[in-house]
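Listed below, chain by chain, are the residues.
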Amino acid sequence: MMNHWIGGASTPGTSDRTSPVFNPATGQVTDQLPLASAADLDGAVKVAADTFASWRQTSLGRRAEILFRARAIFDERREELAKIISSEHGKVPSDALGEIARGIENVEFACGIPNLLKGGFSEQVAGGVDVFSIRQPLGVVAGITPFNFPAMVPMWMFANAIACGNTFILKPSEKDPSAAMFIAEVLAEAGLPPGVFNVVHGDKEAVDAILAHPDIAAVSFVGSTPIARYIYETGTANGKRVQALGGAKNHMIVLPDADIDGAADAAISAAYGSAGERCMAISVVVAVGGVGDLLVDAIEARLDKVKIGPGTDPDAEMGPLVTCEHRDKVASYLDIAADEGATVVRDGRDHPFEGDGFFLGVSLVDHVKPWSRMHTEEIFGPVLSVIRVDTYDEAVQLINDHEFGNGCAIYTRDGGAARRFTFDVQCGMVGINVPIPVPVSYYSFGGWKASLFGDSHMYGPDGIHFYTRTKVVTERWPDPATSQINLGFPVNR
Ligand code: NAD
């Protein structure tokens, strides 16, 4: 049985509720996870609140030193972490290593905290009066994370949060909780004082306890849209600062002048990498102006090259889905597609698999209708839809009319068309001949519309802003030359 991580140590909970953890590649239960009660969460908050006073006093140089050391340990132990991720999420080690690399970027960014926390100063706003602004930490902050990036998404949050001087409680996904424990151990090894970073495992009960707790100042959430909306509404109603990133449906527009082979390669890796369980996965290719046949043929020709297998197979490029239920739900969209009149070019259910793993082959569905469930709903699996339109304007309209606005991409050789797309499209992250435009850590990550609740994107400059509040000081000091105070030393009068 796994434990929580509270006050720098592996700590058992008091609740007797548990949840099984699976290896998706074998279908076997590998561990039991304790699901925290409100009392367990309260215990962690007390430790984090007690630690806040001393952590806040810790110099910026010392905080940066600990983060530099953590960065080095994450780097050295990335293979180990990749195996842990693969064994509970199912993604193959190359995908897990990619996630870790993108996660470590955020630790690197946070190492710059002495520079990032600089305030502003205005001299002589009135006679003898200066004004300066400083950024101070919030207190105890919590992160609630999804299953699909069990290392990277926590790194998006905790690195900046603790660098800013907050103490942190992570509530990871109950589907793949071990990466969070690995992170806790690395941070302890790097010299992070006990109580600064804590892990509380759990489900809705733990999340509701976080949202209600008066000593938690802010909540960062990444997950599906219905839960993101709930977290935002409940957390803000309780007076907390909340950033809640939700689901997605990401389109890749291919204009007639695009490099079709390049676009097909990009579509394959962006749609089926991590078995499509990425919030920035391309799930809809929009073929513009007669490019559809060429493009669908090019994508179909590449489908058999995607090697599917467990993470323990060094040749595997795509693993299983995270749970049996999720695999079945994703597969059910292929029946929905046929009912809605789309053309199922490849049905992933036809791919043979041995054993009890939660595998599904890659699927390609052509002639998807904009109004259909195949297009309006997030499927979150290895299913790529193709919508054919006549014009660029229709393609952009598809994205702008969609409920979600996370990522999107355009493939073209025309710089003017790409520039216009950037101007027109209602989406938080845009790729130009780049299928998955996840911003580097010194920008910030976030979608528009139902892909984000709140006004703050995640990590980068927005992360520093989210995890601090501004204090503005207005000060007046009399000029010694005119002061009546006896300073005890001569001044020019
Ligand atoms: P999820 O919403 O089911 O779970 C996310 C977190 O919320 C987990 O920690 C879970 O324990 C908790 N949770 C689940 N149900 C809850 C409930 N009823 N009340 C309170 N808490 C609850 O998401 P998931 O299946 O783990 O992850 C996949 C989803 O996350 C997809 O929709 C994907 O698009 C989205 N996602 C978005 C981004 C982004 O940056 N926008 C990034 C990664 C994943």
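Residues numbered from 1 in each chain as written. Predicted model: local features only at pLDDT ≥ 70, side-chain atom pairs only at ≥ 80, totals over all residues. Heavy atoms only, no water.

Draft legend 1. Here's a closer look at the environment of Val306. Mapped onto the elements of the fold, Val306 is located in the loop between α11 (292-303) and α12 (324-339). Overall, Val306 belongs to the buried group, its relative accessible area being 12%. Residues Val306 and Ala316, spaced 10 residues apart in sequence, show a C-alpha to C-alpha distance of 8.1 Å. Sequence-distant contacts of Val306, that is, excluding residues within four places in its chain, are made with Ile268, Glu317, Met318 and Val362. (Helix = DSSP H or I, 4+ residues; strand = E, 2+ residues; numbered from the N terminus. Buried < 20%, exposed > 50% of the residue type's maximum accessible area, 1.4 Å probe, protein only. Contact = heavy atoms within 4.5 Å.)

Draft legend 2. Seen up close, the sheet that holds strand β5 (residues 120-126). Judged by pairing direction, the sheet is antiparallel, and its 3 strands sit side by side in the order β5-β6-β22 without closing on themselves. Strand pairing shows two members of the sheet lacking a second neighbour, β5 and β22 (468-476), which therefore form its edges. Along the sheet, successive strands turn relative to each other by an average axial angle of 25°, direction set aside. Relative to β22, strand β6 (residues 129-137) is paired through 9 bridges, and the arrangement is antiparallel. Bridge assignment links Gln136 to a residue of β22, and that residue is Arg469. (Pairing = 2+ DSSP bridges. Axes fitted to C-alpha atoms, helices over the stretch in contact; angles between N-to-C directions.)

Draft legend 3. A look at the layout of surface pockets. The computed volume of the largest pocket comes to approximately 940 Å³. Looking at the largest pocket, it is lined by 39 residues, and the ones nearest its centre are Pro146, Phe221, Gly223, Ser224 and Ile227. Here the element with the most residues in the lining of the largest pocket is helix α9 (residues 225-237); it accounts for 6 residues. By residue class, the composition of the lining of the largest pocket is 17 nonpolar, 12 polar and 10 charged. Counting contributing residues per domain, the lining of the largest pocket is built from domain 1 (4-246 + 451-474) and domain 2 (250-432), each supplying no fewer than three. (1 Å grid on protein atoms, 1.4 Å probe; cavity = no way out; pocket = protein on both sides within 12 Å on 5 of 7 lines; lining within 4 Å. Points joined across faces, edges and corners; volume = space filled by probe spheres on them. Nonpolar A, V, L, I, M, F, W, Y, C, P; charged D, E, K, R; others polar. Domains from an automatic or database assignment.)

Draft legend 4. Local environment of the packing of helix α10 (residues 260-272) against α11. Between α10 and α11, the shortest axis-to-axis distance is 9 Å and the interhelical angle comes to 55°. With respect to α11, the element α10 is oriented oblique. Handedness of the α10/α11 crossing: right-handed. Within the contact between the two elements, α10 uses Ile260, Asp261, Ala263, Ala264, Asp265, Ala267, Ile268 and Tyr272 and α11 uses Leu294, Leu295, Ala298, Ile299, Arg302 and Leu303. Looking at the contact of α10 with α11 residue by residue, the class counts come to 11 nonpolar, no polar and 3 charged. (Parallel < 35°, antiparallel > 145°, perpendicular 65-115°, else oblique. Left-handed = near helix turned anticlockwise from the far one by under 90°.)

Draft legend 5. Fine view of the side chain of Lys171. You can see Lys171 is positioned in strand β8 (residues 167-171). At a separation of 2.8 Å, a polar atom in the side chain of Lys171 contacts the main-chain carbonyl oxygen of Gly202. Here Lys171 is in contact with Gly143, Ile144, Thr145, Val200, His201, Gly202, Ala206, Val207 and Ile210, once residues within four sequence places are set aside. (Polar contact = N/O pair within 3.5 Å; in protein donor to acceptor, adjacent residues only side chain to side chain.)

Draft legend 6. Up close: the side chain of Ser441. Mapped onto the elements of the fold, Ser441 is located in the loop between β19 (429-432) and β20 (448-449). Within the structure, the side chain of Ser441 is placed 3.0 Å from the backbone oxygen of Glu105, a separation counted as a polar contact. Ignoring anything within four residues of it in the chain, the contact list for Ser441 reads Glu105, Asn106, Phe109, Tyr459 and Gly460.

Draft legend 7. The sheet that holds strand β13 (residues 282-288), seen in detail. In space, the 7 strands of this open sheet follow the order β14-β15-β16-β13-β12-β18-β19, with mixed pairing throughout. Looking along the sheet, the strands with just one partner apiece sit at the ends: β14 (343-346) and β19. The sheet shows a mean angle of 20° between the axes of neighbouring strands, taken without regard to direction. Both β13 and strand β16 (residues 383-389) contribute to a ladder of 5 bridges, which runs parallel. The residue of β16 that forms the bridge with Val284 is Ser385. Contacting β12 (250-254), β13, β15 (363-366), β16 and β18 (407-411), α10 runs over the sheet at an angle of about 170° to β12.

Draft legend 8. View of the pattern of salt bridges. Under the definition given, this model contains 25 salt bridges. Of the charged contacts in the structure, one is a salt bridge between Arg77 and Glu189, with a shortest N-O distance of 3.1 Å. Taken as a pair, Arg77 in the loop between α2 (60-76) and α3 (78-89) and Glu189 in helix α7 (residues 178-189) lie far apart in primary sequence, 112 residues in all. The salt bridge partner of Arg302 is Asp265, with a shortest N-O separation of 2.5 Å. Of the two residues, Arg302 sits in helix α11 while Asp265 sits in helix α10, which places them 37 residues apart along the sequence. (Salt bridge = Lys/Arg side-chain N within 4 Å of Asp/Glu carboxyl O.)

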